[in-house]
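Take a look at the letters that make up each chain.
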Amino acid sequence: PPPRRPHHRHPHTPGAPPHNTPTAPPKAGAKDKPPRRSHPTTRAAPHYRGAMHFRVLTPLDVRSSDDRPAPVPETKVRALLAALLAHHGRPVSTTRLVEHLWGPRPPANPTASLQSKVSQLRRALDTAEPGARKLVTATPPGYRLDITAEAVDAGRFTVLTHRAYASAGTRERADLLGEALDLWHGPAFAGFADSDLVRPVAESLEEQRLTALEERAAARLELGEHAPLTGELAGLVARHPLRERLRALQLTALYRAGRQSEALAAYGEIRTRLAEELGVDPGPELTAAHQTILRQEPWRTSPRGTGGAGSTGGTGAIGSAGADDRTGDAAPAATTATVSAPLSVAPPPAAPPTAPHPR
């Protein structure tokens, strides 16, 4: 046999095929691909922890955590925000939001149009405070506003009034109610209260405001502040002429201020109006205030605001003094108004959605 030829190894890169190893030809039309680059890990945006606050006891107003104005453009976007604020923390269905914004004539694509308004609202909040767009969340069957009660002035008002009604001290009760009432700068949800989504909440807040005004007036009567109350109650009675509690407080303030004839005239006016407009007689509290004036009953105030024995709520503790404070025959004690927590009218339940779930 012929002699074997020696095999010479050629140096090559470790892991690479030998030089004499054939390689597959490139495919026709193949293009060179750029090398892959390693990307840094993308982190999710942190949860929004700001403190934007909203005002609905005035023309709708939005503020950043440092109290800078946060403009919300366009009427429909503001109407959307008002509806979400009225249903604080609860989702509102897309169907009801579309009806709230466009009424009986919705756009051709109502879901897309609503999503556009939601995007505008999120953008406005995020412009005022980065991250605040997360407050508007898509929650079946629609959208909701993820905020705390303290973020809305209406929520702070309710908290303060509940603290006042639970207080045993007359002065503390009057001060807390005064602080709560100072949050009001106009009708609740002004400009948006005609909507079915907002009206029940706006009416409930107005009733709570009137109740707080009455209870504060009663506390101030206990503290002996009847003189300045005569003028304040006159304006309230003019705006709410058939509200008997206000009339009873007005009669008491006038009587204690030495204006007995005006008090009796005010009682005659309300009695006539109740008969002519409602066909009813004055209720027990108003009748008791009238009888107190006719009997010339004395009263006792609570100058230190302790609210302890010897003082009552209602119309200022007329006839609640001890036997040694009375004059003439013993008179029956005046009725004491029961202080109750404000009414809370919940909005109608959200209807099931008829449109696809929002993004």
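Summarised in this report is the structure supplied together with it.

Rules behind the numbers
Residues numbered from 1 in each chain as written. Predicted model: local features only at pLDDT ≥ 70, side-chain atom pairs only at ≥ 80, totals over all residues. Heavy atoms only, no water. Helix = DSSP H or I, 4+ residues; strand = E, 2+ residues; numbered from the N terminus. Buried < 20%, exposed > 50% of the residue type's maximum accessible area, 1.4 Å probe, protein only. Contact = heavy atoms within 4.5 Å. Axes fitted to C-alpha atoms, helices over the stretch in contact; angles between N-to-C directions. Left-handed = near helix turned anticlockwise from the far one by under 90°. Nonpolar A, V, L, I, M, F, W, Y, C, P; charged D, E, K, R; others polar. Pairing = 2+ DSSP bridges. Phe/Tyr/Trp six-rings, centres within 6.5 Å; stacked < 30°, edge-to-face > 60°. Lys NZ or Arg CZ within 6 Å of the ring centre and 35° of its normal. Salt bridge = Lys/Arg side-chain N within 4 Å of Asp/Glu carboxyl O.

Comments concerning the environment of Phe 157
Link 1 in the chain: Of note, Phe 157 is situated in helix 4 (residues 153-166).
Link 2 in the chain: Given the relative accessible area of 0%, Phe 157 is considered buried.
Link 3 in the chain: Distance from Phe 157 to Gln 208, taken between C-alpha atoms, is 9.2 Å for residues 51 residues apart in sequence.
Link 4 in the chain: Beyond its immediate stretch of four places on either side in the chain, Phe 157 contacts Leu 57, Ala 180, Leu 181, Leu 183, Trp 184, Gln 208, Arg 209 and Ala 212.

A look at unusual backbone geometry
Link 1 in the chain: Residue Pro 140 is joined to Pro 141 through a cis peptide bond whose omega torsion reads 10°.
Link 2 in the chain: Mapped onto the elements of the fold, Pro 141 is located in the loop between strand 4 (136-139) and strand 5 (142-145).
Link 3 in the chain: Look at Glu 74: it is not a glycine, yet its phi comes out positive at around 70°.
Link 4 in the chain: Considering the arrangement of structural elements, one finds Glu 74 in the loop between strand 2 (61-63) and helix 1 (75-86).
Link 5 in the chain: When its relative accessible area of 36% is taken as the criterion, Glu 74 is described as partly exposed.
Link 6 in the chain: The phi dihedral of Phe 189 is positive, around 55°, even though this residue is not glycine.

Topic: the packing of helix 7 (residues 226-239) against helix 8 (residues 244-256)
Link 1 in the chain: Remark: helix 7 packs on helix 8, axes separated minimally by 9 Å, with the N-to-C direction vectors making an angle of 145°. Note on packing geometry: the crossing formed by helix 7 with helix 8 is left-handed. Along its contact with helix 7, which presents His 226, Leu 229, Thr 230, Leu 233, Ala 234, Leu 236 and Val 237, the element helix 8 presents Leu 246, Arg 247, Leu 249, Gln 250, Ala 253, Leu 254 and Arg 256.
Link 2 in the chain: For the contact of helix 7 with helix 8, the per-class residue count stands at 9 nonpolar, 3 polar and 2 charged.

Topic: the pairing of strand 5
Link 1 in the chain: Here strand 3 (residues 92-93) pairs with strand 5 via 2 bridges, running antiparallel. Bridge assignment links Val 92 to a residue of strand 5, and that residue is Tyr 143.
Link 2 in the chain: Both strand 4 and strand 5 contribute to a ladder of 4 bridges, which runs antiparallel. The partner of Ala 138 across the bridge, within strand 5, is Tyr 143.
Link 3 in the chain: Between strand 4 and the antiparallel strand that follows it, strand 5, lie 2 residues.

A short note on the packing of aromatic side chains
Link 1 in the chain: Considering all chains together, one arrives at 1 aromatic pair under this definition.
Link 2 in the chain: Note on Phe 157 and Trp 184: the rings are 5.6 Å apart at their centroids and 80° apart in plane angle, and the pair reads as edge-to-face. Here the residue Phe 157 occupies a position in helix 4, and Trp 184 occupies one in the loop between helix 5 (170-181) and helix 6 (199-222), the gap between them amounting to 27 residues. As far as burial versus exposure is concerned, Phe 157 and Trp 184 are alike and both buried.
Link 3 in the chain: Above the plane of the ring of Trp 184 lies Arg 209, whose end atom (NZ or CZ) is 5.6 Å from the centre.

Some thoughts on the sheet that holds strand 4
Link 1 in the chain: Strand order across the open sheet formed by 3 strands is 3-5-4, with antiparallel pairing between neighbours. Each having just a single partner strand, strand 3 and strand 4 make up the two edges of the open sheet.
Link 2 in the chain: Its contacts with the sheet place helix 1 against strand 3, strand 4 and strand 5, and it is angled at close to 75° to strand 5.
Link 3 in the chain: Of the strands in this sheet, strand 4 and strand 5 are in contact with helix 3 (residues 110-128), which crosses strand 4 at around 145°.

Overview of the pattern of salt bridges
Link 1 in the chain: Within the structure shown, the criterion is met by 20 salt bridges.
Link 2 in the chain: Across the salt bridge formed by Arg 220 and Glu 232, the nearest N and O atoms sit 2.7 Å from each other. Placement of the pair is Arg 220 in helix 6 and Glu 232 in helix 7, with a sequence separation of 12 residues.
Link 3 in the chain: Residue Glu 232 is classed as partly exposed on the basis of its relative accessible area of 40%.
Link 4 in the chain: Glu 277 is the salt-bridge partner of Arg 273, the closest N and O atoms lying 3.1 Å from each other. Placement of the pair is Arg 273 and Glu 277 together in helix 9 (residues 260-278), with a separation of 4 residues, close to one helical turn.
Link 5 in the chain: Judged by relative accessible area, which is 27%, Arg 273 ranks as partly exposed.
Link 6 in the chain: Within this structure, Arg 171, Asp 175, Arg 220, Glu 225 and Glu 232 form a network of salt bridges that share partners.

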